[in-house]
Amino acid sequence: MGTLTGLGFGLGLRTDHYQAILESKPRVDWFEALSENYLIPGGKPLYFLDRVRANYPVVLHGVSLSIGSSDPLDETYLQSLKQLAQRIEPAWISDHLCWTGVAGKNLHDLMPLPYTEEVIEHVAGRVRQVQDFLGRRILLENVSSYVEFRQSCMSEWEFLTEVCRRADCLILLDVNNIYVSAFNHGFDALDYLNGIPVDRVRQMHLAGHDHCGTHIIDTHDAAIVDPVWSLYKAALRRFGVVSTMIERDDHIPPLAELLLELDQARSIAEEAFPNQVAA
Ligand SMILES: [Fe+2]
């Protein structure tokens with residue numbers, strides 16, 4: 001394993017960096033745009049996204065699908081997402097393996113699911129509906145979590161794998177989220193990586209977090225820590241040089257700082273697979 005596939009090394013597209021990106025055209029292979037920020041036609045965000053798209057590949061990443069909820073899928077949201085995809089032509093569309101609300105209430109958080117056969121069937125059916133509607137396979141991302149359901153009868157990685165197999169969807173593997181959840185729940189992050197099927201992983205996320213001693217909070221507001229870089233190295237060895245992207249959602253630093261972090265990801269991949277990564 002270990003061929004260079006996919007888009008390379010990307011960054012999350014953030015408002016603070018719009019001007020710098022358009023003016024300096026930085027060495028970023030691609031950008032991940034948060035779908036919900038660009039659903040209103042004619043807005044300023046869409047103006048910038050169009051311009052970024054003219055120069056870079058873009059993928060769309062959502063937080064509103066609520067694929068695990070027992071509420072019906074939000075058709076208005078899906079329709080807007082489809083229109084955005086027709087306009088932007090993203091390399092792919094992703095969202096999270098979670099639920100964000102129930103009974104019409106939005107919790108504005110990515111909540112974990114019970115890992116049961118019944119939930120696998122429920123989620124896989126909804127993913128198939130979404131994929132049929134969008135006319136493409138989607139990527140599901142593993143979320144970080146702080147609590148677990150007593151009803152769970154399998155590991156998170158078994159659950160994720162089975163949902164993706166039944167729905168025939170792909171995986172966005174968040175390496176930091178695996179690290180955070182492994183610490184919070186006391187499992188081995190390498191067991192997680194080894195339990196995920198290589199051929200379904202299309203993208204990886206890297207991010208920073210807040211270590212509180214007894215638990216870790218997934219804040220996305222700091223630099224990536226060494227143990228997460230080490231786990232990324234292990235992920236590269238298993239999955240190859242999958243498209244990788246750095247997520248910074250708070251305390252957004254100047255673009256140059258994130259470019260340095262992205263170079264670190266490139267160097268780690270180059271070290272793992274010499275001569276396969278564009279220097
Ligand atoms: Fe993520």
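As a reminder, the structure under discussion sits directly above these lines.
All figures in this text were calculated on a predicted structure; none of them were measured in a lab.

Re empty space enclosed by the protein
In step 1: With the rule as written, the count across this model stands at two cavities of 30 Å³ or more.
In step 2: Roughly 50 Å³ of volume is contained in the largest cavity.
In step 3: If you go around the largest cavity, the residues you meet are S35, G62, L65, Y77, L81, I93, S94, D95, V130, L134 and I138.
In step 4: Contributing elements (two or more residues each) for the lining of the largest cavity: α3 (75-88), β4 (93-96) and α4 (117-134).
In step 5: Counting residues per element, the lining of the largest cavity draws most heavily on β4, at three residues.
In step 6: When its residues are assigned to classes, the lining of the largest cavity shows seven nonpolar, three polar and one charged.
In step 7: Roughly 50 Å³ of volume is contained in the second largest cavity.
In step 8: Lining the second largest cavity are L97, P112, L113, Y115, N142, V143, E156 and F159.

Overview of the coordination of the iron ion
In step 1: Here the iron ion is held by the protein donor atoms E141 (OE), D174 (OD), H205 (ND1) and E247 (OE), which lie 2.0 to 2.3 Å from it.
In step 2: Considering all four donor atoms around the iron ion, angles at the metal cover 89 to 177° and the coordination shape is irregular.
In step 3: Motif for the iron ion, donor spacing along one chain: E-x32-D-x30-H-x41-E. Within this pair, whereas E141 is found in strand β7 (residues 139-141), its partner H205 is found in strand β9 (residues 201-206), the two being separated by 64 residues in sequence.
In step 4: E141 sits in the buried class, given a relative accessible area of 1%.
In step 5: Looking at H205, the relative accessible area reads 0%, which means it is buried.

Describing the sheet that holds strand β2 (residues 30-34)
Strand pairing in a sheet is mediated by backbone hydrogen bonds. Such pairs are either parallel or antiparallel.
In step 1: With respect to topology, eight strands assemble into a closed barrel ordered β1-β2-β3-β4-β7-β8-β9-β12, the strand pairing being parallel. Neighbour-to-neighbour, the strand axes of the sheet open up by a mean angle of 30°, direction not taken into account.
In step 2: Pairing between strand β3 (residues 58-61) and β4: two bridges, direction parallel. The residue bridging L60 from the neighbouring strand is I93, located in β4.

Overview of the pattern of salt bridges
In step 1: Summed over all chains, the structure comprises twelve salt bridges.
In step 2: A salt bridge links E162 to R165; the nearest nitrogen and oxygen atoms lie 2.7 Å apart. Here E162 and its partner R165 are both found in helix α5 (residues 156-167), three residues apart, which amounts to about one turn of the helix.
In step 3: E162 gets classed as buried once you look at its relative accessible area, which sits at 18%.
In step 4: Assessed through its relative accessible area of 49%, R165 is described here as partly exposed.
In step 5: Here D168 ties to R200 by a salt bridge, and the two come within 3.0 Å at their closest N and O atoms. Remark: R200 occurs in the loop between α7 (189-195) and β9 and D168 occurs in the loop between α5 and β8 (170-174); sequence separation between them is 32 residues.

Rules used in this analysis
- Residues numbered from 1 in each chain as written.
- Predicted model: local features only at pLDDT ≥ 70, side-chain atom pairs only at ≥ 80, totals over all residues.
- Heavy atoms only, no water.
- 1 Å grid on protein atoms, 1.4 Å probe; cavity = no way out; pocket = protein on both sides within 12 Å on 5 of 7 lines; lining within 4 Å.
- Points joined across faces, edges and corners; volume = space filled by probe spheres on them.
- Helix = DSSP H or I, 4+ residues; strand = E, 2+ residues; numbered from the N terminus.
- Nonpolar A, V, L, I, M, F, W, Y, C, P; charged D, E, K, R; others polar.
- Donors = N, O, S within 2.8 Å, 3.2 Å for Na, K, Ca; no water.
- Tetrahedral: all angles 85-135°; square planar, octahedral: opposite > 155°, others 65-115°.
- Buried < 20%, exposed > 50% of the residue type's maximum accessible area, 1.4 Å probe, protein only.
- Pairing = 2+ DSSP bridges.
- Axes fitted to C-alpha atoms, helices over the stretch in contact; angles between N-to-C directions.
- Salt bridge = Lys/Arg side-chain N within 4 Å of Asp/Glu carboxyl O.

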